[in-house]
Amino acid sequence: MTGNDGRDRTRAATRLVHGGTLRSQFGETSEALFLTQGFIYDTMEAAEARFKGDAPGFIYSRFSNPTVAMFEERMALLEGAEAARATASGMAAVTASILGQLKAGDHAIGAKALFGSCRYVLEDLLPRFGVETTLVDGEDLDQWRAAMRPNTKTLFLESPTNPTLSLVDIAAVAEIAHAGGATLVVDNVFATPLLQSPLALGADCVVYSVTKHVDGQGRCLGGVILASKAFIDTHVHNLLRQTGPAMSPFNAWVMLKGLETLTLRVRAQTAGAEVIADFLAAQRGIKRVIYPFRPDHPQYALARRQMSGGGTLVAFELADKQAAFRMANALRIIGISNNLGDSKSLITHPATTTHQRLAPEARAELGISEGMLRLSVGLEDVEDLTDDLGGALAGLDGGKISDLASR
Ligand SMILES: *Cc1c(COP(=O)(O)O)cnc(C)c1O
């Protein structure tokens, strides 16, 4: 539905079902999977015109492909971005969005609390190519301000962070970036496009691992970069086109189908996470529960301000590593996996998996204790999940299930 001004007036759920659809001459209902590397031109003149950019059309699937284009357009409509580029994985999106803006002699700032591989890009990879980086405590706006230099080109953060679910004030960091002539890139995986809109908060670029909630059913890897057309044209387009971290048409097709059910899944998984966070907080043996929309979250006010839901992840702490391992090993429905955003509930021990690479002091600084577990809530019946968690916790008390029943 378009208004008089020609603008799309539909809401997220509708865009996720219809947005970006390109129909072939067969009028197929479901998006077609164009599993092709290249395209045939009618004439040499047509090929020439397409390469010159004088005629529209596809050239080669490293640059663009109809199925991938449908996915990009649907993501752009969802995010409210002018342009989107799909990539082979979330890390390809993160790397290209940062690297594309930088050259030797530039400076970048990142929050310390990051998905492990994002931290590697900032901390290890960029300095090898003459880009200086500073890592700050993302919650502390003074540290962002103090880190700004004349050659600072870009700031990078995720919020909520992995795995401690702490928040960064996106609007405030965007202001700091812009005051110094830099850009802000936000990794929005944990919030999903439905619960937080970084571009509306002032960010210049948003990146996703669509491996997570967008697929949501554990099948394919993928990533996407969303920004203004100018940002994509200047920083991203050529880097992707010439270096080749392209999303396969097959994966784009899987992601398109994932997007159709994204609202339903994220809504249900968020509702489940809220129930589970409250359930865990009431259990003996749990030292702390971290969930952005629980009033005891230290940044609850910020969560309410910049997110429309608390998300599908819950972090919680047991006494120590042994208790965390014993509890997770006793789970019957919830699987042990470092993945997240899946329809299957998954639990991980960040200190020994996703954040193992960090020195113990760095982990401590981020609040990743030996007893911390990160739970990604799936689509199972939430009572089965609380039964599973409760049963595993009861095992820690030496199997006194009666304790649990009396609560
Ligand atoms: C998973 C993840 C990534 C990396 O995505 P891949 O698709 O695994 O490459 C980046 N950032 C965050 C926050 C993630 O959860």
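Residues numbered from 1 in each chain as written. Predicted model: local features only at pLDDT ≥ 70, side-chain atom pairs only at ≥ 80, totals over all residues. Heavy atoms only, no water.

(A) Main features of the sheet that holds strand β6 (residues 205-209). Taking strand neighbours across the sheet as the criterion, the seven strands line up as β1-β7-β6-β5-β4-β2-β3 in an open arrangement whose pairing is mixed. Each having just a single partner strand, β1 (83-87) and β3 (132-136) make up the two edges of the open sheet. Put simply, the sheet's adjacent strands are angled 20 degrees from each other on average, direction ignored. Inspection of the sheet shows strand β4 (residues 152-158) paired to strand β5 (residues 183-187) by five bridges, in the parallel sense. Following the sheet pairing, Thr-154 is matched in β5 by Thr-183. Sitting on the sheet, helix α3 (residues 66-79) touches β1, β6 and β7 (223-227), and the angle it makes with β1 is about 130 degrees. In the packing of helix α5 (residues 116-128) onto the sheet, the strands contacted are β2 (107-111), β3, β4 and β5, and the crossing angle to β3 comes to about 150 degrees. (Pairing = 2+ DSSP bridges. Helix = DSSP H or I, 4+ residues; strand = E, 2+ residues; numbered from the N terminus. Axes fitted to C-alpha atoms, helices over the stretch in contact; angles between N-to-C directions. Contact = heavy atoms within 4.5 Å.)

(B) Spatial organisation of the sheet that holds strand β10 (residues 335-336). If you trace the five strands from one edge of the open sheet to the other, you get β8-β9-β12-β11-β10, paired in mixed fashion. The outermost strands of the open sheet, each flanked by one partner alone, are β8 (288-290) and β10. Relative to strand β12 (residues 372-376), strand β11 (residues 346-348) runs antiparallel, the two sharing three bridges. Pairing of Thr-348 across the sheet is with Arg-374, part of β12. Where helix α11 (residues 262-281) meets the sheet, its contacts fall on β8, β9 (313-317) and β12, and the angle it forms with β9 comes to roughly 10 degrees.

(C) Structural context of the UniProt feature "modified residue: N6-(pyridoxal phosphate)lysine" (unreviewed entry) in the chain. Here the UniProt-annotated "modified residue: N6-(pyridoxal phosphate)lysine" (unreviewed entry) positions come out as Lys-212. You can see Lys-212 is positioned in the loop between β6 and β7. On the basis of relative accessible area, Lys-212 is assigned to the buried category, the value being 10%. When residues no more than four places from it in sequence are discounted, the contact partners of Lys-212 are Phe-115, Val-189, Asn-339, Leu-340 and Gly-341. (UniProt positions renumbered as here; feature names shortened; annotations may be inferred. Buried < 20%, exposed > 50% of the residue type's maximum accessible area, 1.4 Å probe, protein only.)

(D) Inspection of α3 at higher detail. In this model, α3 (14 residues) spans 20 Å end to end at C-alpha, consistent with the 20 Å of a helix rising 1.5 Å per residue. α3 sits mainly inside the fold: eleven of its 14 residues count as buried. For α3, every residue scored as buried is listed here: Pro-66, Thr-67, Val-68, Met-70, Phe-71, Glu-72, Arg-74, Met-75, Ala-76, Leu-78 and Glu-79. Measuring from the backbone nitrogen of Thr-67 back to the side-chain oxygen at the start of α3 gives 2.8 Å, which picks out Asn-65 as the cap. (Expected span 1.5 Å × (residues − 1). Polar contact = N/O pair within 3.5 Å; in protein donor to acceptor, adjacent residues only side chain to side chain.)

(E) Molecular detail of helix α4 (residues 90-99). Counting buried residues along α4, seven of its ten residues qualify, which places the element largely inside the surrounding structure. By the N-cap criterion, in which a side-chain oxygen at the helix start approaches the backbone nitrogen of a residue two or three places on, α4 is capped by Ser-89, the distance to Met-91 being 3.4 Å.

(F) Up close: empty space enclosed by the protein. Taken as a whole, this structure holds two cavities of 30 Å³ or more when the rule is applied. Within this model, the largest cavity holds a volume of roughly 160 Å³. Every residue lining the largest cavity is counted, 15 residues in all, and those nearest its centre are Arg-62, Phe-63, Glu-72, Arg-85 and Ala-86. Broken down by secondary-structure element, the contributors of at least two residues to the lining of the largest cavity are α3, β1 and α9 (229-243). Here the lining of the largest cavity is composed, by residue class, of seven nonpolar, four polar and four charged. (1 Å grid on protein atoms, 1.4 Å probe; cavity = no way out; pocket = protein on both sides within 12 Å on 5 of 7 lines; lining within 4 Å. Points joined across faces, edges and corners; volume = space filled by probe spheres on them. Nonpolar A, V, L, I, M, F, W, Y, C, P; charged D, E, K, R; others polar.)

(G) Quick peek at the site of the ligand. Near the ligand, the surroundings consist of 14 residues, among which Gly-90, Asp-187, Ser-209, Thr-211 and Lys-212 are the closest. A distance of 2.8 Å separates an oxygen atom of the ligand from a polar backbone atom of Gly-90. A distance of 2.8 Å separates an oxygen atom of the ligand from a polar atom in the backbone of Met-91. Contact with the protein chains hides 91% of the accessible area of the ligand, taken as 380 Å² for the molecule alone. Looking at side-chain class alone, the shell around the ligand contains six nonpolar, five polar and three charged residues. (Near = heavy atom within 4 Å. Areas by Shrake-Rupley, 256 points an atom, 1.4 Å probe, with all protein chains shown as cover.)

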